[in-house]
Amino acid sequence: MPIQVLSEKVISQIAAGEVVERPASVVKELVENALDAGAQQIGVEVTGGGTRLIRITDDGCGIPAGEVATAFSRHATSKISSLDDLQTIATMGFRGEALPSIAAVAEVEIATRIENEAAGITLTLEDGVVANRRSEGRARGTTVTVRNLFRKIPARLKFLKSTATESSRIANVVSQYALCFPEVGFTLTVDGRTELRTAGNGNLIDSIIEVYGQEIARNMIAVGSMAADWQSSPDAIRISGMVGAPQVSRAGRNYLSFFVNRRWVNSRILAFAVEEAYHGLLMTGKHPVAVVNIELPPAELDVNIHPAKSEVKFRDEHAVFAAVQRAVRRTLVAEAPVARIEEVTAAYSAPANEQGVLTPVPARNRHFELPEPVPLIASLPVLRVLGQARNCYIVAEGPDGVYLIDQHAAHERVLFDQIKAQRSAKRVEVQGLLEPATFEVSPRQAEELRRRLGELLEFGFALEAFGERTYLVRAVPAVLKDRDWQGMLRELLDGGLRQSRSEENIIATIACHAAVRAGQALSDEEMHGLVRQLEQSPNPHTCPHGRPTLIHLSAAQLEREFGRA
Ligand code: ADP
Ligand code: MG
């Protein structure tokens, strides 16, 4: 074939592939246009997973009759006129690609009217060209109808998933915008059924109720509500939104939403920042629920890096990471059911002032080191031990009510902190055995043990090979004296290095095997000692696996329960 310039039609179909990957991308682009037009109500109607019909109706500003056809030319936009405008972009669209791209791969009809034109105009496009044009009355706003998406491009159609999957992707897009724009009323109808309807009253919590349901909504905490003061600087990265209390965690990461300057974005780094903020509060394998708004000066952001505009680039990624992680952590700490907050220290350069209040992170601050979790320092009040229940729980009393402490979980926490401190000071307490003990391993365990001998030595295990599958044990970590250290070693060796935080994993395994068991009767003195140590822990209300160490029944709660309030 000789070299030839592709026809305009083929060029626009190729270009469309970037923007219109699937029905949900059409919905995304059209909803964004409606939002850019200042709509207060946006209706989304789809059938057949969006391949048969997608119709978006808005009450925004509309398009002047004389400009509608132009809107379907490639790179036609009313939102920017020069490259400089991109620096301060406030709209979601700016490339002028969506309408022509959609018209290149589907049949499109657009009906629109602006405030001061008497009648509206309706245009029908086929293969991207205007096929019909008529004047028609309608309310202010725009309706775009997209039929038979990809019908002429079988390769694209084949690429789509089931109708149900495509519909749920569409529902996700609409839900995300409903969360991002609580002041806009969204309605989503799928195959004639109303799937979502938000009030558009401006309250995020009301959108959360509609999108995630009452159960999750009840447990959402407003981010930053406790700390309005530290978000007031104009240069600051502002974080708002709502995050789930640790007990509403989910098995997947689909419940994390990020909006950067009111643009819905996918971001692994932001997801990681939120997950780090929950470190130690969620059980392994569980993920938080969060709706996080990030606002920062537009110059800190490049929005023009992704074909579907669903990723952005931060000029200072560390600063954003730190701000998100800290705001979420702070919110969780402030709301932790048991904790009394004494201080929250920042792991970053922005120093806490005398009152322990965090100062804003200026967007231009570049002193950030590698992001690290902000430590949670929230100790317990002094508790008075009352007794033991079921040989399992310590019952204690504090200034505000009664505490039930899980003796095993609490001891695990105490030992974990202790070993960790010893480890980082390189002063692990070791217990030499009077007689060396033998420890037999399976071939698999032997392999693992050989690899980890050095690491185990640093924790206090002195092991030496004694034949092929037997080791001589001369010393163990002091906390495991008279405990089942064999069981601990086996668990560790069988678990392998699957866990990413290898060192914490060893510490947690040691702590678990060294801790008192449930069902073990404790003397008053032992209970006392344990509670005193737990009070000292910087993270007293969860065990290293994230399970709670204690339950607090506040005085108010007791009064309520007993009808005294
Ligand atoms: P972009 O959004 O990048 O400008 P689009 O192809 O999505 O490009 O839209 C082209 C232009 O059409 C927009 O700049 C806007 O002026 C107009 N437009 C599209 N949809 C709407 C709408 N729902 N309401 C008002 N104007 C619209
Ligand atoms: Mg657009």
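This is a predicted model, so every value here is computed, not measured.

Chemist: How would you summarise the overall build of the chain if you had to cite specific residues and measurements?
Modeler: When its secondary structure is counted, the chain shows 16 helices and 22 strands. Per-residue burial for the chain yields a buried fraction of 49% across its 565 residues. Look at the contacts in the chain between residues 6 or more apart in sequence, and 70% of them connect residues 24 or more apart. Taken as a whole, the chain presents about 27300 Å² of accessible surface, with 50% of it coming from carbon and sulfur.

Chemist: Help me get a handle on the site of ligand 1, residues and values and all.
Modeler: By nearness alone, 19 residues border ligand 1, and Asn33, Thr77, Ser78, Lys79 and Gly96 come closest of all. Residue Asp58 places a side-chain N or O atom 2.9 Å away from a nitrogen atom belonging to ligand 1. Here a nitrogen atom of ligand 1 and a side-chain polar atom of Thr142 are 3.4 Å apart. Here ligand 1, which alone exposes 530 Å², has 92% of that area covered by the protein. Its residues placed into classes, the shell around ligand 1 shows eight nonpolar, seven polar and four charged.

Chemist: Break down the sheet that holds strand 12 (residues 263-265) for me, citing the residues and quoting the values.
Modeler: Spatially, 9-10-13-11-12 is the arrangement adopted by the five strands of the open sheet, whose pairing is mixed. A single partner strand is all that each edge strand has here, and the edge strands are strand 9 (220-222) and strand 12. Each strand of the sheet is rotated relative to its neighbour by a mean of 20°, with strand direction disregarded. The pairing of strand 9 with strand 10 (residues 238-244) spans three bridges and is classified as antiparallel. Residue pairing in the sheet places Ala222 in a bridge with Met242 of strand 10. Of the strands in this sheet, strand 11 (256-260), strand 12 and strand 13 (290-295) touch helix 6 (residues 163-180), which is tilted by about 60° from strand 11.

Chemist: Tell me what's going on with the nonpolar core, and back it up with residues and numbers.
Modeler: Counting 65 residues, the largest nonpolar core has Val27 and Phe186 as the members making the most contacts within it. Per-element accounting of this core gives the leading share, eight residues, to helix 6. Two domains each provide a minimum of three residues to this core, namely domain 1 (8-187) and domain 2 (204-349). Once you skip the residues sitting within four places of it in the chain, Val27 turns out to touch Val44, Val46, Ile54, Ile56, Ile170, Val173 and Val174. Among the nonpolar cores identified, the runner-up in size contains 38 residues, and Leu256, Leu282, Phe314 and Phe321 belong to it.

Chemist: How would you summarise helix 15 (residues 524-536) if you had to cite specific residues and measurements?
Modeler: An α-helix turns once per 3.6 residues; consequently, residues spaced three or four apart project the same way. Along its 13 residues, helix 15 runs 19 Å from first to last C-alpha, staying within 8% of the 18 Å computed at 1.5 Å per residue. Among all positions of helix 15, only Met527, Leu530, Val531, Leu534 and Glu535 are buried. Viewed along the axis of helix 15, the buried residues span an arc of 140°, placing them on a single side of the element. Of the residues in helix 15, the exposed ones pointing more than 90 degrees away from the buried face are Glu525 and Gln536. Looking at the packing, one finds that the buried side of helix 15 touches strand 16 (384-389), strand 17 (393-398), strand 18 (401-406), helix 11 (407-424) and strand 22 (550-553).

Chemist: Which residues make up the packing of helix 11 against helix 15, and what values go with them?
Modeler: The interhelical angle for the contact between helix 11 and helix 15, taken along N-to-C directions, is 55°, at an axis separation of 9 Å. The orientation of helix 11 relative to helix 15 falls into the category oblique. By crossing handedness, the relation of helix 11 to helix 15 is classed as left-handed. Between helix 11, through Gln407, Ala410, His411, Arg413, Val414 and Gln418, and helix 15, the contact on the second element is made entirely by Leu530, Gln533 and Leu534. Of the residues belonging to the contact of helix 11 with helix 15, the class tally is four nonpolar, four polar and one charged.

Chemist: Explain helix 7 (residues 204-212) residue by residue, including any values.
Modeler: For helix 7, the set of buried residues is Leu204, Ser207, Ile208, Val211 and Tyr212. Within helix 7, the buried residues cover an arc of 100° as seen down the axis, which keeps them to one side. Gly213 sits one or two residues past helix 7 and shows a positive phi near 95°.

Chemist: Describe the side chain of Glu29, with residues and values.
Modeler: Relative to the helices and strands, Glu29 is located in helix 2 (residues 23-36). Among the polar contacts made by the side chain of Glu29, one reaches the side chain of Lys309 at a distance of 3.5 Å.

Chemist: So what about the sheet that holds strand 19 (residues 430-440)? Which residues, and what values?
Modeler: An order of 19-21-20 is seen for the three strands of this open sheet, with the pairing classed as antiparallel. Of all strands in the sheet, those with a lone pairing partner are strand 19 and strand 20 (462-465), marking the two edges. Taken over all neighbouring pairs, the strand axes of this sheet differ in orientation by 15° on average, direction set aside. Bridge count for strand 20 against strand 21 (residues 470-477) is four bridges, and the pairing is antiparallel. Opposite Glu464, over in strand 21, you have Leu472 as the bridge partner. Packing against the sheet, helix 13 (residues 485-495) makes contact with strand 19, strand 20 and strand 21, and its axis sits at approximately 60° to strand 19.

Chemist: Can you explain the confidence of the model for the chain? Please cite residues and give values.
Modeler: Scored by pLDDT, the chain comes out at a mean of 85, with 89% of its residues at no less than 70. Per-residue pLDDT stays below 50 along residues 225-231; that stretch engages in 11 contacts with residues further than four places along the chain or on separate chains. Across residues 337-377, where pLDDT falls below 50, the model places 97 contacts with residues more than four positions away in sequence or in other chains.

Chemist: Account for the pairing of strand 7 (residues 185-190), naming residues and giving values.
Modeler: Counting buried positions along strand 7 yields six of six residues, so the element is predominantly enclosed. In strand 7, alternate side chains face the same way, and those of Gly185, Thr187 and Thr189 on one face and Phe186, Leu188 and Val190 on the other are all buried. Of the strand pairs in this sheet, strand 1 (residues 41-47) and strand 7 are connected by six bridges, and their pairing is parallel. By the bridge assignment, Glu45 is partnered in strand 7 with Thr189.

Here is what the cut-offs are and how they apply
- Residues numbered from 1 in each chain as written.
- Chains lettered and ligands numbered in written order.
- Predicted model: local features only at pLDDT ≥ 70, side-chain atom pairs only at ≥ 80, totals over all residues.
- Heavy atoms only, no water.
- Helix = DSSP H or I, 4+ residues; strand = E, 2+ residues; numbered from the N terminus.
- Buried < 20%, exposed > 50% of the residue type's maximum accessible area, 1.4 Å probe, protein only.
- Contact = heavy atoms within 4.5 Å.
- Areas by Shrake-Rupley, 256 points an atom, 1.4 Å probe, with all protein chains shown as cover.
- Near = heavy atom within 4 Å.
- Polar contact = N/O pair within 3.5 Å; in protein donor to acceptor, adjacent residues only side chain to side chain.
- Nonpolar A, V, L, I, M, F, W, Y, C, P; charged D, E, K, R; others polar.
- Pairing = 2+ DSSP bridges.
- Axes fitted to C-alpha atoms, helices over the stretch in contact; angles between N-to-C directions.
- Core = buried A, V, L, I, M, F, W, Y, C linked by side-chain atoms within 4.5 Å.
- Domains from an automatic or database assignment.
- Expected span 1.5 Å × (residues − 1).
- Arc of directions from axis to C-beta.
- Parallel < 35°, antiparallel > 145°, perpendicular 65-115°, else oblique.
- Left-handed = near helix turned anticlockwise from the far one by under 90°.
- pLDDT = per-residue confidence, 0-100.

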